[in-house]
Amino acid sequence: MRGETDREPGLGVGAVARRLGLAAATLRTWDRRYGIGPSGRSPGGHRRYTPGDVARLEAMQRLILAGAPPGEAAHVALREPPGEPRPPRGHGAGGNRVPVGEAPAGADTAEVRGLARAAMSLDVPAMNDAVRTAIARDGVVRAWDGLMVPVLVGIGRKHASSGGCVEVEHLLSTVVLGGLAEVPPPARPVNVRPVLLACAPEEQHSLPLYALAAALAQGGVAASLLGARVPADALAAAIRRTGPGTVFVWSQIARTGDPDWLSDLPGTRPAVRLLAGGPGWRRDRLPDAVRFVTSLSQAVTEILDGPAAP
Ligand code: B12
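The present account deals with the structure reproduced in this document.

What counts, and at which threshold
- Residues numbered from 1 in each chain as written.
- Predicted model: local features only at pLDDT ≥ 70, side-chain atom pairs only at ≥ 80, totals over all residues.
- Heavy atoms only, no water.
- Helix = DSSP H or I, 4+ residues; strand = E, 2+ residues; numbered from the N terminus.
- Buried < 20%, exposed > 50% of the residue type's maximum accessible area, 1.4 Å probe, protein only.
- Contact = heavy atoms within 4.5 Å.
- Areas by Shrake-Rupley, 256 points an atom, 1.4 Å probe, with all protein chains shown as cover.
- Donors = N, O, S within 2.8 Å, 3.2 Å for Na, K, Ca; no water.
- Near = heavy atom within 4 Å.
- Polar contact = N/O pair within 3.5 Å; in protein donor to acceptor, adjacent residues only side chain to side chain.
- 1 Å grid on protein atoms, 1.4 Å probe; cavity = no way out; pocket = protein on both sides within 12 Å on 5 of 7 lines; lining within 4 Å.
- Sits in = over half its atoms within 2 Å of the grid points.
- Nonpolar A, V, L, I, M, F, W, Y, C, P; charged D, E, K, R; others polar.
- Domains from an automatic or database assignment.
- Pairing = 2+ DSSP bridges.
- Right-handed = clockwise from strand over helix to strand, strands pointing away.
- Axes fitted to C-alpha atoms, helices over the stretch in contact; angles between N-to-C directions.

**Notes on the overall build of the chain**
Move 1: When helices and strands are counted, the chain shows 12 helices and 7 strands.
Move 2: Within the span of the chain, comprising 310 residues, buried residues form 46% of the whole.
Move 3: Counting only contacts in the chain whose residues sit at least 6 apart along the sequence, the fraction spanning at least 24 positions is 68%.
Move 4: Carbon and sulfur atoms form 52% of the exposed surface of the chain, whose accessible area is close to 15,500 Å².

Structure (structure tokens):
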């Protein structure tokens, strides 16, 4: 059946969705809501996108990336001949470049751009699809380093330069967090003593902790994720009550990176191993007992293979 429609002239909704990096559901919604859809029909009666239809959709997408609301973008794209439509007045302050941070060598840059585009279009199904597909195919560490980090960094830069994209940052965070939280905990954890993951007090950037918890789960380690903004006395209480083997603390921004309080955390018997990560920490002031780690894979390795391994 699929082979038959693929041979028909024009493109089906799936092919157009892949080409634009959008979900097929989004294209159907645009068709229903804004009347921008396939104008062709195959001999078999299937609705097909002609090259002109695809050009109009690409124009609509460019306008949305430039900041136009979808309804207005569709209106302009339908009115102008396919090509380079002018952005409507009052939009486009941020430019229409899809923001992407530096992807590590070997990363699939088309995939990175696809997720960035989906995020800028607030296209949740396509974002979910990209994140979940990468995790399932590549595992958490590669999906985080090669896909999620470059897009998060790119959106962060865009926000820093334009003051906009807050909604994109929030939605992308929700999708990334959801995808990482779906990684099932290990059925038979290899660690006996708990591993605690916490953000520094007042630190709201918790995504790297979710990435770490998910990567550890894939390595067979069960971790307790205390999440964002953990007060020092709450982390101390958790250490006293659970006797963890390892505690990992994340600081993303300088405001949360004063490490003095780490020295007051209670010890345990056998000793708790303290790891710190994130660009916020004042590394020159980290207590000697705290080991600083610089990447997700290093954090996983330290926890799996370190001296006080699970
Ligand atoms: C998502 C996001 C948010 C979300 C967080 C949601 C959540 N649940 O985590 C929300 C909307 C809450 C948010 C809030 C704020 N944010 Co914010 N945010 C981001 C964004 C886009 C991604 C954060 C992230 O996950 N970074 C982790 C990875 C992706 O980035 P990285 O740390 O640079 O990665 C490097 C290393 O750390 C390492 N690494 C990567 N992953 C891992 C994992 C582990 C385990 C380890 C060990 C290492 C490691 O590898 C990378 C290369 O070296 C960043 C952009 C950015 N560049 O990070 C801004 C960013 C961090 N935010 C920023 C700001 C200013 C804020 C706010 C103050 C905004 C405000 N005015 O309210 C608040 C902070 C409030 C607070 N007290 O914490 C700035 C910080 C600027 C600075 N240098 O201080 C950034 C850099 C954006 C920008 N360019 O302006 N933010």
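**Side note on the coordination of the cobalt atom of the ligand**
Move 1: Within the protein, a single donor atom binds the cobalt atom of the ligand, namely His205 (NE2) at 2.3 Å.
Move 2: Topologically, His205 is positioned in the loop between β3 (195–199) and α10 (207–218).

**Quick word on the site of the ligand**
Move 1: Near the ligand, the surroundings consist of 26 residues, among which Trp144, Glu202, Gln204, His205 and Ser206 are the closest.
Move 2: The side chain of Trp144 places a nitrogen or oxygen atom 2.9 Å from a nitrogen atom of the ligand.
Move 3: The contact in question runs from an oxygen atom of the ligand to an N or O atom on the side chain of Glu203, over 3.4 Å.
Move 4: Judged by the fraction of its atoms near the pocket grid, the ligand is located in the largest pocket.
Move 5: Secondary structure elements with two or more residues in the shell around the ligand: α8 (140–162), α9 (166–181), α10 and β5 (246–250).
Move 6: Ranked by the residues each element gives to the shell around the ligand, the list is headed by α8, at 6 residues.
Move 7: Among the residues making up the shell around the ligand, the classes are represented as 13 nonpolar, 9 polar and 4 charged.
Move 8: Among the domains, domain 2 (109–181) and domain 3 (195–305) are the pair contributing at least three residues each to the shell around the ligand.

**Re the environment of Ala198**
Move 1: Within the element layout of this structure, Ala198 appears in strand β3.
Move 2: The class of Ala198 is buried, set by a relative accessible area of 0%.
Move 3: Setting aside its immediate chain neighbours within four residues, Ala198 contacts Leu209, Leu226, Gly227, Val230, Leu235, Phe248, Val249 and Trp250.

**Quick look at the side chain of Ser251**
Move 1: Looking at where Ser251 falls in the secondary structure, it is placed in the loop between β5 and β6 (273–277).
Move 2: Other than its neighbours up to four places away in sequence, Ser251 contacts Ala200, Glu203, Thr256, Gly257, Gly277, Gly278, Pro279, Gly280 and Trp281.

**Comments concerning the pairing of strand β4 (residues 223–227)**
Move 1: Inspection of the sheet shows β3 paired to β4 by 4 bridges, in the parallel sense. Across the sheet, the residue bridging to Ala198 is Gly227, located in β4.
Move 2: You can see the chain leave β3, run along α10 and come back into β4, and the turn it takes is right-handed.

**Comments concerning the sheet that holds strand β7 (residues 290–293)**
Move 1: Read across the open sheet, the 5 strands follow the order β4-β3-β5-β6-β7; overall the sheet is parallel. Every other strand in the sheet has two partners, leaving β4 and β7 as the edge strands with one partner each. Averaged over neighbouring strand pairs, the angle between their axes works out to 20 degrees when direction is ignored.
Move 2: Here β6 pairs with β7 via 4 bridges, running parallel. Considered in β7, the bridge of Leu275 is made with Arg291.
Move 3: Strand contacts of α10: β3, β4 and β5, with the helix running at about 165 degrees to β3, the strand carrying the most contacts.
Move 4: Relative to β3, helix α11 (residues 232–242) is tilted by about 175 degrees, and along the sheet it contacts β3, β4 and β5.

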